[in-house]
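# Summary of the model geometry
Okay, here's what each chain looks like letter by letter:
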Amino acid sequence: MARLFVTCAVTGAETTRAQCPALPITPAEIAAEAKRAYDAGASILHLHVRRDDGTPTQDKAIFAEAIARISDACPILIEMTTGGAVGMSDEERLQPVELSPRLASLDCGSVNFGDDILPNSLPQMRAYARRMKAAETKPTLECFDLGHVHNARMLIGEGLIDPPHHFSFVLGVPGAVPADMRTLLAMIDALPPGAIWSGIGVGGRGSAFMNPATVLLGGNPRVGFEDNIYLRKGIKAESNGQFVDRVVHLIREMGHEVATVDDTKKLLGLR
Ligand code: ZN
């Protein structure tokens, strides 16, 4: 029996209110959804923030407000994005790290994102890793492609990332690898010894594959409106909590336990 932790990405950068009426936008709305996710069993919140008009931002002040409200609402661990949104500069993307968060995502390679490109060169990745190390922030190594796992291993080999190494596989981005079993197994095979991994599937189909496949293979599932808005075909979720509920049920049905916040801190070696 394994103890698996659930991450919830409640808002992301790309999903819109028009697509998803329940999408949280303001720090207060994000905190309310974080609490729903926590109450349903999530122990990590993957955090993006928005301006009041719904556009994505890496504004440190808005992150700080969101963190204060989330921490008032529940003790969920907060993982800040440094992916930001397509078109942002490194300095913009890195703003949340100035708040010295416990966790932050680190994109491990450039990737086509539909018609756009998210650039992450090796020098950029090294700079992000150094900034996180200085801030005592643990990077979540986000891999959108098999080559990204090897990029991350390069950074590990250079001593830029301390163990235990936490990878996050994002499958199903249009322009990157598909969400299917042979791809997921190839990425798991490429992990360094002792690594921990989370699994993310993009879109309704990607999530429908990745949630059960991740749990089946002993990984840690991520759910939430950043990745998918559909509870089932044609039916939109009314809260992120519904996705967490469902994946928690799946974890228990497969004979595993759901990790608490304290368990997750231990697993990831967090301060
Ligand atoms: Zn994100």
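Everything here concerns the structure above.
This section reports on the structure supplied with the text. As the structure is a computational prediction, the values presented were derived from the model and not from experiment.

## What to know about the overall build of the protein
- When its secondary structure is counted, the protein shows nine helices and 16 strands.
- For 271 residues, the compact-globule estimate of 2.2 N^0.38 gives 18 Å, and the C-alpha radius of gyration of the protein, at 17 Å, lies within 12% of that figure.
- Seen through its principal axes, the protein has C-alpha atoms that stretch 45 × 40 × 40 Å.
- Looking at the protein residue by residue over its 271 residues, the buried ones come to 54%.
- Here the analysis covers contacts within the protein between residues at least 6 apart in sequence; of these, 72% occur between residues at least 24 apart.
- Put simply, the protein shows about 11,200 Å² of open surface, and 53% of that area lies on carbon and sulfur atoms.
- In the protein, 27 positive and 32 negative side-chain charges are present, and the distance between their average locations comes to 3 Å.

## Overview of the coordination of the zinc ion
- For the zinc ion, the full set of protein donor atoms is H46 (NE2), H48 (NE2), E226 (OE) and E226 (OE), at a range of 2.1 to 2.7 Å.
- One can describe the donor arrangement at the zinc ion as irregular, given that its four donor atoms subtend angles of 52 to 129° at the metal.
- Going along the chain, you hit the donors of the zinc ion in the pattern H-x1-H-x177-E. Of this pair, H46 sits in strand β3 (residues 44-47) while E226 sits in the loop between β13 (220-223) and β14 (230-232), and the two are 180 residues apart along the sequence.
- Residue H46 is classed as buried on the basis of its relative accessible area, which comes to 1%.
- A relative accessible area of 25% places E226 in the partly exposed class.

## Looking at the sheet that holds strand β2 (residues 7-9)
- Pairing within the closed barrel is parallel, and its eight strands lie in the order β2-β3-β6-β7-β10-β11-β12-β13. The mean angle between the axes of side-by-side strands here comes to 25°, regardless of whether they run parallel or antiparallel.
- Here helix α4 (residues 122-134) sits on the sheet and contacts β7 (103-107) and β10 (138-143); the angle it forms with β7, its principal contact strand, is near 170°.
- Its contacts with the sheet put helix α8 (residues 240-253) on β2 and β13, and the angle it makes with β13 is roughly 160°.

Rules used throughout
Residues numbered from 1 in each chain as written. Predicted model: local features only at pLDDT ≥ 70, side-chain atom pairs only at ≥ 80, totals over all residues. Heavy atoms only, no water. Helix = DSSP H or I, 4+ residues; strand = E, 2+ residues; numbered from the N terminus. Rg over C-alpha atoms; globule rule 2.2 N^0.38 Å. Buried < 20%, exposed > 50% of the residue type's maximum accessible area, 1.4 Å probe, protein only. Contact = heavy atoms within 4.5 Å. Areas by Shrake-Rupley, 256 points an atom, 1.4 Å probe, with all protein chains shown as cover. Lys, Arg positive; Asp, Glu negative; His and termini not counted. Charge placed at Lys NZ, Arg CZ, Asp CG, Glu CD. Donors = N, O, S within 2.8 Å, 3.2 Å for Na, K, Ca; no water. Tetrahedral: all angles 85-135°; square planar, octahedral: opposite > 155°, others 65-115°. Pairing = 2+ DSSP bridges. Axes fitted to C-alpha atoms, helices over the stretch in contact; angles between N-to-C directions.

Everything listed here is a matter of geometry and, on its own, says nothing about what the molecule does.
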